[in-house]
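# A closer look at the structure
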2 protein chains.
Amino acid sequence: MSSRTDYVILGLLSIEPHQSGYEMRKTIQGSVGYFWSESYGQLYPTLKRLTAEGLIAPSRRAAKGRGGRQEYSMTAAGHARLKEWLALPYRPDPPRDEFLLKLFFGREAGPGVAVAHVRRFQEDYRQALALIEEIGRVGTAKNAEHPHFRFWNLTLEYGVARMRAELEWSKHALKVLEEMEEEQGTGSRVQGTGRRAGKAGMGKASGRGAKGSKNV
Amino acid sequence: MSSRTDYVILGLLSIEPHQSGYEMRKTIQGSVGYFWSESYGQLYPTLKRLTAEGLIAPSRRAAKGRGGRQEYSMTAAGHARLKEWLALPYRPDPPRDEFLLKLFFGREAGPGVAVAHVRRFQEDYRQALALIEEIGRVGTAKNAEHPHFRFWNLTLEYGVARMRAELEWSKHALKVLEEMEEEQGTGSRVQGTGRRAGKAGMGKASGRGAKGSKNV
DNA sequence: TGACAATGTATCTGGCAGATGTATCTTGCA
DNA sequence: TGCAAGATACATCTGCCAGATACATTGTCA
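The structure displayed is predicted, hence computed values, not measured ones.

Here the focus is the protein's contact with DNA strand D. The environment of DNA strand D is formed by 16 residues, the closest being Tyr22, Tyr44 and Arg69 of chain A together with Ser39 and Gly41 of chain B. For DNA strand D, the fraction of atoms within 4 Å of the protein that belong to sugar or phosphate moieties is 60%. Lys48 of chain A places a side-chain nitrogen or oxygen 3.3 Å from a phosphate oxygen of DNA strand D. The backbone of Gly41 of chain B places a nitrogen or oxygen atom 3.3 Å from a base oxygen of DNA strand D. If you list the elements that add at least two residues to the surface near DNA strand D, you get α2 (21-30) and α3 (40-52) of chain A together with α3 (40-52) of chain B. No other element matches α3 of chain A, which puts four residues into the surface near DNA strand D. Along the lines of polarity and charge, the residues of the surface near DNA strand D split into three nonpolar, seven polar and six charged.

Structure, rendered in structure tokens:
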């Protein structure tokens, strides 16, 4: 069973051949990165393995003189493999949301702390939303005719729709928490510290079928 | 730097003391499981380590005769640690959404395949939404007076809000994809197979700050 | 009472995230 | 033009975690 890293690589090469590992990293950052984070540590070993398996092959685009950089393209086998995987049902990944976890146990630290988290959440998502909307505008202008465009755009719209909902919710949450704060005097603040510059995005996943509904 | 597994354990014990590892697993499934999936393989070693660190301690509730089952409660140190962590800024986890990945590369397999994925997505989320709303009703009836209730309810509302938005989006996506299908004759279908019974949920995360907006 | 199933409890292992390490290119200034 | 300092391109290494698996205990039916 191949890892999903394999398919990210194949997918990227299906859109644009002759890419080096490094270029793929960059491409990922600028596109799928918003819903798929790849492990770069996994990237280079995987390129080697895929080559060994005959799914991709070293290739060279009009020699640009760049030093020891290896570029790859997809083979016919690779293309077949990608299509096969695309047609398989997707596998939901386990959810992991530290923000909600802290909110869930929030009572232990008091509403003041929760308020600070929600504010941070709100700020991050506002920025992320603005960014993704901008990417949407630029991308549409540049790629509207690209054969992949409508698929790309769909994932983008997903991100926008979801972030908008999350922002709406955060306003409500803030109201609730601020009321609680008033009710019981002021709680402590979040111990502020570097908030790794403007980051936020999306990424959905799925939970597990719960039998017991003990504890909410 | 302790793993977040530590804090899930501390958090659960802060709500309900005298739990065994097994009970925690069950509790997780029925509550935080919707946005936080724990590694059960990590659970038991962590219980031992936390005991060694003096953050939790073996405890026994009115002997229920159950065989070799160890129960734990939190120590004062553990409680302090939990509060400290709660006040720290949350760390967004990297996004990983295979559904969106398949949609992004969807062009390779044709709109028919994508349509099937979106339909599955829609079904799963409808179920998940119904389930979580039900849990909300039951939980509210049972716990409305519980001191943690309002925090729990907020995370629940988050889930509901987000799933609703995702369902809305999926209707739009379906329309777009079905149009594409008509335009260019029928694409192939998803290779159906067991869809691990009614599962779905939420889980948000964040992307990374992208400089290059190459692609899309 | 014994056999088999279901459930409770714990450990083991391969794959991955992110930190770190090294080469190569660019720029500013003498 | 030469070269030092930093930026950027590129690759690897390590500790942690998800999920599979193993083992124990309790339930149940003949």
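Having seen it, we continue.
Moving on to the pairing of strand β3 (residues 71-74) of chain B. Residues and elements named next belong to chain B. With burial as the criterion, each face of β3 is covered, one bearing Glu71 and Ser73 and the other bearing Tyr72 and Met74. Here two bridges tie strand β1 (residues 19-20) to β3, and the two strands are oriented antiparallel to one another. Its bridge partner lying in β3, Gln19 is registered against Tyr72. Pairing geometry for strand β2 (residues 56-59) and β3, over four bridges, is antiparallel. Opposite Ala57, over in β3, you have Ser73 as the bridge partner.

Our focus in this paragraph is the protein's contact with DNA strand C. In the region of DNA strand C, 16 residues are neighbours, and Ser39, Gly41 and Gln42 of chain A together with Tyr22 and Tyr44 of chain B sit closest. Sugar plus phosphate, as a fraction of atoms of DNA strand C within 4 Å of the protein: 65%. Between DNA strand C and Ser39 of chain A there is a distance of 2.4 Å, counted from a base nitrogen to a side-chain nitrogen or oxygen. Tyr22 of chain B places a side-chain nitrogen or oxygen 2.2 Å from a phosphate oxygen of DNA strand C. The element best represented in the surface near DNA strand C is α3 of chain B, accounting for four residues. Looking at side-chain class alone, the surface near DNA strand C contains four nonpolar, six polar and six charged residues.

Another aspect to go through is the sheet that holds strand β1 (residues 19-20) of chain A. Strand order in this open sheet of three strands is β1-β3-β2 (chain A), and the pairing throughout is antiparallel. A single partner strand is all that each edge strand has here, and the edge strands are β1 and β2 (56-59) of chain A.

Below, the discussion takes up the packing of aromatic side chains. Applying the stated criterion across every chain, the model contains 22 aromatic pairs over all chains. The interplanar angle of 15° and the centroid separation of 5.6 Å between the aromatic rings of Trp152 of chain A and Phe104 of chain B together place this pair among those described as stacked. Taken together, the residues Trp152 of chain A in helix α7 (residues 149-183) and Phe104 of chain B in helix α5 (residues 98-104) connect one chain to another. Trp152 of chain A gets classed as buried once you look at its relative accessible area, which sits at 3%. A ring pair is formed by Phe121 of chain B and Trp169 of chain B, whose centres lie 5.8 Å apart and whose planes are at 80°; its orientation type is edge-to-face. Highlighted residues: Phe121 of chain B in helix α6 (residues 111-143) and Trp169 of chain B in helix α7 (residues 149-183), separated in sequence by 48 residues.

Once that is clear, we can look at the packing of helix α1 (residues 4-15) of chain B against helix α2 (residues 21-30) of chain B. Residues and elements named next belong to chain B. At a closest axis distance of 11 Å, the pairing of α1 and α2 adopts a crossing angle of 90°. Between α1 and α2, the angle is such that the two are roughly perpendicular. Of α2, the residues touching α1 (which contributes Val8, Ile9, Leu12 and Leu13) are Met24, Thr27 and Ile28. Partitioning the contact of α1 with α2 into residue classes produces six nonpolar, one polar and no charged.

Definitions and limits used
Residues numbered from 1 in each chain as written. Chains lettered and ligands numbered in written order. Predicted model: local features only at pLDDT ≥ 70, side-chain atom pairs only at ≥ 80, totals over all residues. Heavy atoms only, no water. Near = heavy atom within 4 Å. Polar contact = N/O pair within 3.5 Å; in protein donor to acceptor, adjacent residues only side chain to side chain. Helix = DSSP H or I, 4+ residues; strand = E, 2+ residues; numbered from the N terminus. Nonpolar A, V, L, I, M, F, W, Y, C, P; charged D, E, K, R; others polar. Buried < 20%, exposed > 50% of the residue type's maximum accessible area, 1.4 Å probe, protein only. Pairing = 2+ DSSP bridges. Phe/Tyr/Trp six-rings, centres within 6.5 Å; stacked < 30°, edge-to-face > 60°. Axes fitted to C-alpha atoms, helices over the stretch in contact; angles between N-to-C directions. Parallel < 35°, antiparallel > 145°, perpendicular 65-115°, else oblique. Contact = heavy atoms within 4.5 Å.

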